[in-house]
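Notes for the structure review
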Amino acid sequence: EWERVIGTRSIGTAESYRYALRSFRDLTGFTPHDGFLVNAAVLARWVREMKAQAYSKATIGIYLRACRVVVKECIRNGYIKPEDYPFGERDASLICIPKGRSRKEKFLSISQMTELYRFFADRREGELPLRYDYQRQLVRQSLGLFLFLYLANGMNLSDAARLRYDAFWFEHGGQALRFERQKTRDRADNNSEVIVPVIPQLAEILRETAAPEQKGQRLFPFILDGARDEAACRKKVNLMNSNISARMEIVARHFGWPVSPTPTWCRHSFATNLSLSGVPTRYISESMGHSPGRSVTAGYIAEFPLEQQMAFN
């Protein structure tokens, strides 16, 4: 199962998962003949051996997170019972994964995001020191996507690539988007549904950056560029991520900012700026798809009506 999961990941992530699998096999003696009996005791032995061999805290965390993804896949496919899930932070008998380095400082303020939006809205890409006109259009497209990711609840590019003009969009008159986070499959028991209020600035960006409104069609078909299988889709998303990062660096230099914002910054910026503006933490969590599994009753309750979401965003 671990090897199957490796085959579904991007090149960089697949390599990390492969190193983790190699370490797991070498340090625990676990073989395919042992089946799916990966419990807390086996993982604790792996952690002890990694520490004994002076693995860094960051590496141990990365390897354990890779293992956690595989365990969740095994549970989802019925190979491991849910009650045998070996990870947890509050139960001493379970495996606690070391936290990675914080990315809290990687964000742009509201004033910086506003400056980017005005640059986009006023079509000022002609100010950039680029040799060819087609480069300015590419920078403009990347800036539009960057702003979309930020204003769309700090959406990941992978989710943006899969967005469609679905029934929800038309039922709400184009004032809201709905999607389920791709990453949730690895980090939560249930997929988290996210509702994105389309505030005026976001609507303006969509009018230029997104494809024409057509039921069932993707908003940004150029991201996946016809790719269909998961491996090909991940490669396209990674390529677009790299392109956006490179073009945002050009824009940041133009403003004299000593930073190189990437699409990941959109998510941190959304959370940080809403928090600093006094928006309830529960809304921030829910709007980013971080909410824990809901009860059946909660599924019938609209805790944050669309009008309130619009105001917060």
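The following refers to the structure shown. (Residues numbered from 1 in each chain as written. Predicted model: local features only at pLDDT ≥ 70, side-chain atom pairs only at ≥ 80, totals over all residues. Heavy atoms only, no water.)

1. Quick look at the overall build of the chain
- Helix and strand content of the chain: 15 helices and 2 strands.
- Relative to its full complement of 313 residues, the chain shows a buried share of 42%.
- Within the chain, counting contacts between residues at least 6 apart in sequence, those at least 24 apart form 61% of the total.
- When the accessible surface of the chain is split by element, carbon and sulfur atoms take 50% of a total near 17300 Å². (Helix = DSSP H or I, 4+ residues; strand = E, 2+ residues; numbered from the N terminus. Buried < 20%, exposed > 50% of the residue type's maximum accessible area, 1.4 Å probe, protein only. Contact = heavy atoms within 4.5 Å. Areas by Shrake-Rupley, 256 points an atom, 1.4 Å probe, with all protein chains shown as cover.)

2. Some details on a nonpolar patch on the surface
- Together, Tyr132, Tyr134 and Leu138 give the surface a local cluster of nonpolar side chains, amounting to about 310 Å² of exposed area.
- Residue position: tyrosine 132 is located in the loop between helix H5 (110-121) and helix H6 (133-151). (Patch = residues over 30% accessible without salt bridge, like charges linked within 9 Å, V, L, I, M, F, W, Y side chains within 5 Å. Salt bridge = Lys/Arg side-chain N within 4 Å of Asp/Glu carboxyl O.)

3. A closer look at the nonpolar core
- Formed by 60 residues in total, the largest nonpolar core has its most connected members in Leu116, Phe148, Met155, Leu202, Leu206 and Phe220.
- At 9 residues, the largest contribution of residues to this core is made by H6.
- Beyond its immediate sequence surroundings of up to four residues, leucine 116 is in contact with Leu108, Leu143, Phe146, Leu147, Met248, Val251, Phe255 and Trp257.
- Counting residues in hydrophobic clusters, the runner-up holds 30 residues, among them Ala14, Ala20, Phe30 and Met50. (Core = buried A, V, L, I, M, F, W, Y, C linked by side-chain atoms within 4.5 Å.)

4. Things to note about the side chain of glutamate 73
- Its location among the elements puts glutamate 73 in helix H4 (residues 57-76).
- Relative accessible area serves as the criterion here: at 7%, glutamate 73 is assigned to the buried category.
- A distance of 3.0 Å separates a polar atom in the side chain of glutamate 73 from a polar atom in the side chain of arginine 4. (Polar contact = N/O pair within 3.5 Å; in protein donor to acceptor, adjacent residues only side chain to side chain.)

5. Re the packing of aromatic side chains
- One pass over the structure, following the stated rule, counts 15 aromatic pairs.
- With a centroid separation of 6.2 Å and 75° between ring planes, the pair formed by tyrosine 55 and tyrosine 63 is classed as edge-to-face.
- Since its relative accessible area comes to 24%, tyrosine 55 is described here as partly exposed.
- Following the ring pairs from residue to residue traces out a cluster consisting of Trp2, Phe24, Phe30 and Trp46. (Phe/Tyr/Trp six-rings, centres within 6.5 Å; stacked < 30°, edge-to-face > 60°.)

6. A word on the packing of helix H3 (residues 40-52) against H4
- Here H3 crosses H4 at 160°, and the two axes come no closer than 11 Å. Comparing their axes, H4 and H3 come out roughly antiparallel. Between H3 and H4 lies a crossing whose hand is right-handed. Together, Leu43, Trp46, Val47, Met50 and Lys51 of H3 and Ile60, Tyr63, Leu64 and Cys67 of H4 make up the contact between the two elements. (Axes fitted to C-alpha atoms, helices over the stretch in contact; angles between N-to-C directions. Parallel < 35°, antiparallel > 145°, perpendicular 65-115°, else oblique. Left-handed = near helix turned anticlockwise from the far one by under 90°.)

7. Description of the pattern of salt bridges
- By the definition in use, this model includes 16 salt bridges.
- Ionic pairing is found between glutamate 1 and arginine 4, a salt bridge with its closest N-O pair at 2.8 Å.
- On the accessibility criterion, glutamate 1 (23% relative accessible area) is partly exposed.
- Of the residues examined, arginine 4 reaches a relative accessible area of 41% and is grouped as partly exposed.
- Two residues, lysine 236 and aspartate 225, come together in a salt bridge whose shortest N-O distance is 3.5 Å. Highlighted residues: lysine 236 in helix H12 (residues 230-255) and aspartate 225 in the loop between helix H11 (221-224) and H12, separated in sequence by 11 residues.
- You can call aspartate 225 exposed: its relative accessible area is 52%.
- One network of salt bridges, in which partners are shared, links Glu1, Arg4, Glu73 and Arg76.

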